[in-house]
Amino acid sequence: MDKILIRKLQVDAIIGIHDYEKQQKQPVWLDMDLSFDCLPAAQSDDIRDALDYFKVCERVSHFVASTRYELIEALAEAVTEVVLNEFACEQIELTLYKPNAVANTETVGIQINRWKQ
Ligand SMILES: Nc1nc2c(c(=O)[nH]1)N=C([C@H](O)[C@@H](O)CO)CN2
């Protein structure tokens, strides 16, 4: 299966277990590998046959910016539900990073794989 790739989509969100994290947004980064048959779009050269990565990024950015979660596990799960429910991809591998979470690390994060039911 082909994939549409999105790397380091940057969104500010309310995410964390501590009070200070509930009072101010902080950056999260998202990598998304979206399983999708790209042959029809390659043959037609028509965006209507494609999984439009701009629309995915726009929707996920608005969703993440509007949420409040304590755990990255919960935010990651919610993002995969939005993408699978609203776009034609069959599977998503999502990596969600929280770069400001732990000092002396480049970032921490989570990776999950979810399929359309
Ligand atoms: N598995 C997880 N561990 C931790 C999380 C999380 O979301 N998932 N969150 C925190 C804190 O919010 C941290 O990011 C900020 O101090 C700690 N551990």
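Located above this text is the structure these notes cover.
Residues numbered from 1 in each chain as written. Predicted model: local features only at pLDDT ≥ 70, side-chain atom pairs only at ≥ 80, totals over all residues. Heavy atoms only, no water.

J.: Any chance you could explain the state of the cysteines here in plain terms?
T.: Here, the word disulfide means a covalent bond between the sulfur atoms of two cysteines. Applying the stated criterion across every chain yields a total of zero disulfides. Looking at Cys89, it has no disulfide partner, and the nearest cysteine sulfur is the one in Cys38, 11 Å off. Overall, the relative accessible area of 0% leaves Cys89 in the buried class. (Disulfide = S-S within 2.5 Å. Buried < 20%, exposed > 50% of the residue type's maximum accessible area, 1.4 Å probe, protein only.)

J.: I tried to follow the site of the ligand on my own but got confused; where do I start?
T.: Around the ligand, the neighbouring residues are Gly16, Ile17, His18, Tyr20, Glu21, Glu70, Leu71, Ile72, Glu73, Lys98 and Ala101. A distance of 3.3 Å is found between an oxygen atom of the ligand and a side-chain nitrogen or oxygen belonging to His18. Here the ligand, which alone exposes 420 Å², has 67% of that area covered by the protein. (Near = heavy atom within 4 Å. Polar contact = N/O pair within 3.5 Å; in protein donor to acceptor, adjacent residues only side chain to side chain. Areas by Shrake-Rupley, 256 points an atom, 1.4 Å probe, with all protein chains shown as cover.)

J.: I tried to follow the packing of helix H3 (residues 53-65) against helix H4 (residues 72-86) on my own but got confused; where do I start?
T.: Describing two packed helices takes the angle between their axes plus the distance from one axis to the other. Axis separation between H3 and H4 bottoms out at 11 Å; the angle between their running directions is 145°. As H3 runs across H4, the sense of the crossing is right-handed. Between H3 and H4, the contacting residues are Arg59, Val60, Phe63 and Val64 on the first element and Leu75, Ala78, Val79, Val82, Val83 and Glu86 on the second. Split into classes, the residues belonging to the contact of H3 with H4 amount to eight nonpolar, no polar and two charged. (Axes fitted to C-alpha atoms, helices over the stretch in contact; angles between N-to-C directions. Helix = DSSP H or I, 4+ residues; strand = E, 2+ residues; numbered from the N terminus. Left-handed = near helix turned anticlockwise from the far one by under 90°. Contact = heavy atoms within 4.5 Å. Nonpolar A, V, L, I, M, F, W, Y, C, P; charged D, E, K, R; others polar.)

J.: Quick question: what am I supposed to make of the sheet that holds strand S2 (residues 26-35) here?
T.: Through backbone hydrogen bonds, the strands of a sheet pair up, either in parallel or in antiparallel fashion. What the five strands build is an open sheet, ordered S3-S1-S2-S4-S5; its pairing is mixed. With one partner strand each, in any of the chains shown, strand S3 (68-69) and strand S5 (108-115) form the two edges of the open sheet. Across nine bridges, the pairing between strand S1 (residues 3-15) and S2 is antiparallel. Residue pairing across strands places Ala13 opposite Gln26, the latter belonging to S2. (Pairing = 2+ DSSP bridges.)

Functional significance is not addressed by these values, which are geometric in nature.
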